[in-house]
Amino acid sequence: MKKTIVACSVLFAAMLTVKQATAQETDGLHHMSKEYVAPTDPLVIKKLDKWQDQRFGLFMHWGPYTLWEEVESWSICPDDWVVRKGPYSADYNVYREAYEKLPNEFNPVDFNPEKWAKAAKNAGMNYVVFTTKHHDGFCMFDTKQTDYKITAPNVPFSKNPKANIAREIFDTFRKDSFMIGAYFSKPDWHSQDFWWKYYPVMGRNTNYNIKMYPEKWAAFKEYTYRQIEELMTNYGTIDILWLDGGWVRPGGKQEIDMPKIAAMGRKNQPGLIVVDREVPGEFENYATPEQTLPEKPLPYPWETCMSMGDSWTYTHTDQMKSSLKLVTLLVKIVSRGGNFLLNIGPSAKGDWTPQAYERLADIGAWMKINGEGIHASRPVAPYSDNNVFYTQRKDSSATYAFFTSDSDAVKLPETVAFAIEKPAKIKRVTLLGTKAKLSWKLNNGKLEIKIPKNLQQQSGLKYAATFKVEA
Ligand code: GLC
């Protein structure tokens, strides 16, 4: 019997990993709203445009769950796909009690946001989204609405001068001119007004009937509003309110009053981008396909969020995607008009793995040469052509053709041909990172470029070589 359980849990653990890890290309559409409602507030429109210029951002999932290297929050949710692990797993109540005590041990003494901001900036990242509160309800900021927070006396880290972690992260990254995004989970599995002790917990939703206990739900709405208000008033300029937990939405159930939240947010943070993820309507200013990217450009702003390894949460065994894979993803995403929000989970001690820094350094070296085709670029038809992906400058003065590679070193053929439509009149064609003078001609509507012999054999270029075509 025991054996079967072990075997099953290994199988389930594998399934869990697969669910977390799928970083493939799909149409991604089930992850995003089909009815995009464009914002009308000119300040929001302006900020969205600025945000699209950033193209590459850092996502961080962090909380006491990291002590168990456990999937962020989900292990306390009795959804049928969730499998608990470890010594408390046999009994839900015992497990949840132990989970809720994790803050008593949370002491990330290595926390050094300057180190992260430096590594991220060097990699060409220009915005950050941080989990101020995940579904488990633990606040990584100094909220006044609950004691389930990083600054509560029971949390060892509360004595640290950098205890208000969200503030430290936001202030540090802002100093490095990052745009700032606050991830906030609408559902809160610690709140008695969401998962009420009176009833057993059966899944991710409230465990009581909101129609029978309207005052409880009203209290929860108030609590949520107050917490978001704290984030929107006490934490400097916030550019993005990234709301997760799309099952808390209007339509009879769990209506959280987004119009009120967004109005308050924008009163305090003019132009605030609101991302009520996966809730189609005016409060989803951009779509957020998760661990996937759309096959084609989408007619509205979007961002792929993806973990650098297999999981959002730090695990010491996590396998980081290769630098080649990460650069190729960035190129593909940007050529389709999206932003890439790449997650690195800090450990319980408060740092990333050495591999995460290595990947960022590799991406940074690539960005130093090729970043001009990424930052502030816009998609351009035909978007891609086999292994080549296109972007253009906002003012159409240059088009970039990224020649992606399936090995770290780019091997260029004798000639490359690009089916680009812009710019109409070509002045110059260069290969970024080289001083080569390239000759080109138009052939059957395609731009044909001759690659000098020395560059074919050894371009010295890594991951993807970028041709710049100037008007
Ligand atoms: C998924 C996960 C959640 C995570 C989010 C990030 O919804 O379930 O835990 O925070 O993705 O995009």
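Here the structure is a predicted model, which is why all the values come from computation and not from measurement. (Residues numbered from 1 in each chain as written. Predicted model: local features only at pLDDT ≥ 70, side-chain atom pairs only at ≥ 80, totals over all residues. Heavy atoms only, no water.)

A. Local environment of the overall build of the protein chain. When helices and strands are counted, the protein chain shows 10 helices and 17 strands. Here the C-alpha atoms of the protein chain give a radius of gyration of 24 Å, agreeing with the 23 Å that 2.2 N^0.38 yields for 471 residues. Residues classed as buried in the protein chain amount to 56% of the 471 residues present. Contacts in the protein chain between residues at least 24 apart in sequence constitute 72% of all its contacts with a sequence separation of at least 6. Summed over its atoms, the accessible surface of the protein chain is roughly 20100 Å², and 53% of this surface lies on carbon and sulfur atoms. (Helix = DSSP H or I, 4+ residues; strand = E, 2+ residues; numbered from the N terminus. Rg over C-alpha atoms; globule rule 2.2 N^0.38 Å. Buried < 20%, exposed > 50% of the residue type's maximum accessible area, 1.4 Å probe, protein only. Contact = heavy atoms within 4.5 Å. Areas by Shrake-Rupley, 256 points an atom, 1.4 Å probe, with all protein chains shown as cover.)

B. Local environment of the packing of aromatic side chains. Going through the model one piece at a time under the given rule, you end up with 40 aromatic pairs. Measuring from centroid to centroid gives 6.3 Å for Phe194 and Trp217, while their planes differ by 50 degrees, and the two rings are tilted. With Phe194 in the loop between β4 (179-185) and α6 (214-233) and Trp217 in helix α6, this residue pair connects regions lying 23 residues apart in the sequence. Exposure remark for Trp217: the relative accessible area of 5% places this residue in the buried category. Between Trp366 and Phe402, the aromatic rings sit 6.1 Å apart at their centres with planes inclined by 35 degrees, giving tilted as the arrangement. Taken together, the positions of Trp366 in helix α9 (residues 354-370) and Phe402 in strand β12 (residues 398-409) put the pair 36 residues apart, joining distant regions of the chain. On the basis of relative accessible area, Phe402 is assigned to the buried category, the value being 0%. (Phe/Tyr/Trp six-rings, centres within 6.5 Å; stacked < 30°, edge-to-face > 60°.)

C. Quick peek at the UniProt feature "site: May be important for catalysis" (unreviewed entry) in the protein chain. When the UniProt feature table is mapped to this numbering, "site: May be important for catalysis" (unreviewed entry) covers Cys305. Other than its neighbours up to four places away in sequence, Cys305 contacts Phe59, Trp242, Arg277, Thr288, Pro289, Glu290, Gln291, Trp312 and Leu341. (UniProt positions renumbered as here; feature names shortened; annotations may be inferred.)

D. Inspection of the domain arrangement of the protein chain at higher detail. Structurally, the protein chain comprises domain 1 (6-16 + 379-470) and domain 2 (42-371). Here domain 1 and domain 2 have C-alpha centroids that lie 33 Å from each other. Facing the 20 residues of domain 1 at the interface are 21 residues of domain 2. Counting the surface lost from both domain 1 and domain 2, the interface buries some 1800 Å², and carbon and sulfur atoms represent 72% of this. At the surface where domain 1 touches domain 2, the tally comes to two salt bridges. The salt bridge partner of Lys394 is Asp49, with a shortest N-O separation of 2.9 Å. Viewed at the interface, domain 2 and domain 1 are joined by five residue pairs in polar contact (both at pLDDT 80 or more). When residues in the side of domain 1 that touches domain 2 are grouped by element, the largest group, six residues, is from β12. For the side of domain 1 that touches domain 2, the class distribution of residues is 10 nonpolar, six polar and four charged. (Domains from an automatic or database assignment. Buried area = accessible area lost by both parts, 1.4 Å probe. Salt bridge = Lys/Arg side-chain N within 4 Å of Asp/Glu carboxyl O. Polar contact = N/O pair within 3.5 Å; in protein donor to acceptor, adjacent residues only side chain to side chain. Nonpolar A, V, L, I, M, F, W, Y, C, P; charged D, E, K, R; others polar.)

E. A look at the site of the ligand. Inspection of the region around the ligand gives Phe59, His61, Glu72, Trp74, His134, Tyr183, Trp242, Asp244, Arg277, Glu290, Cys305 and Trp312 as its neighbouring residues. Between an oxygen atom of the ligand and a side-chain N or O atom of Trp312, the distance comes to 3.5 Å. Taken by itself the ligand offers 310 Å² of open surface, and the protein chains cover 92% of this. Its residues assigned to classes, the shell around the ligand shows six nonpolar, two polar and four charged. (Near = heavy atom within 4 Å.)

F. Inspection of the nonpolar core at higher detail. Residues Phe173, Trp352 and Trp366 are the most contacted members of the largest nonpolar core, which totals 105 residues. For this core, the element with the most residues is helix α8 (residues 323-335), which contributes eight residues. Among the nonpolar cores identified, the runner-up in size contains 21 residues, and Ala401, Leu412, Val429 and Ala465 belong to it. (Core = buried A, V, L, I, M, F, W, Y, C linked by side-chain atoms within 4.5 Å.)

G. Representation of the sheet that holds strand β14 (residues 428-431) in the model. On the basis of which strands lie adjacent, the open sheet formed by five strands has the order β10-β11-β12-β17-β14 and antiparallel pairing. Among the strands making up the open sheet, the edge pair consists of β10 (377-385) and β14. Taking each pair of neighbouring strands and ignoring which way they run, the sheet shows an average axis angle of 25 degrees. Bridge analysis of β12 against strand β17 (residues 462-470) gives eight bridges, and the strand direction is antiparallel. Bridging from a neighbouring strand, Tyr400 pairs with Lys468 of β17. Those strands touched by α8 are β10, β11 (388-393), β12 and β17, and its axis lies near 155 degrees from that of β12. (Pairing = 2+ DSSP bridges. Axes fitted to C-alpha atoms, helices over the stretch in contact; angles between N-to-C directions.)

H. Main features of the pattern of salt bridges. In the structure shown here, the tally under the stated rule is 23 salt bridges. Note that Asp49 and Arg378 form a salt bridge whose closest N and O atoms lie 2.9 Å from each other. Of this pair, Asp49 sits in helix α2 (residues 42-54) while Arg378 sits in strand β10, and the two are 329 residues apart along the sequence. Looking at Arg378, the relative accessible area reads 14%, which means it is buried.

I. Structural context of the sheet that holds strand β13 (residues 415-418). Here we have three strands laid out as an open sheet, ordered β13-β16-β15, and antiparallel in their pairing. Strands at the two margins of the open sheet, each flanked by one partner only, are β13 and β15 (440-443). When the angles between neighbouring strand axes are averaged without regard to direction, this sheet yields 25 degrees. Here β15 runs beside strand β16 (residues 446-450); their pairing, made up of four bridges, is antiparallel. In the sheet register, Asn443 faces β16, and the bridge partner there is Lys446.

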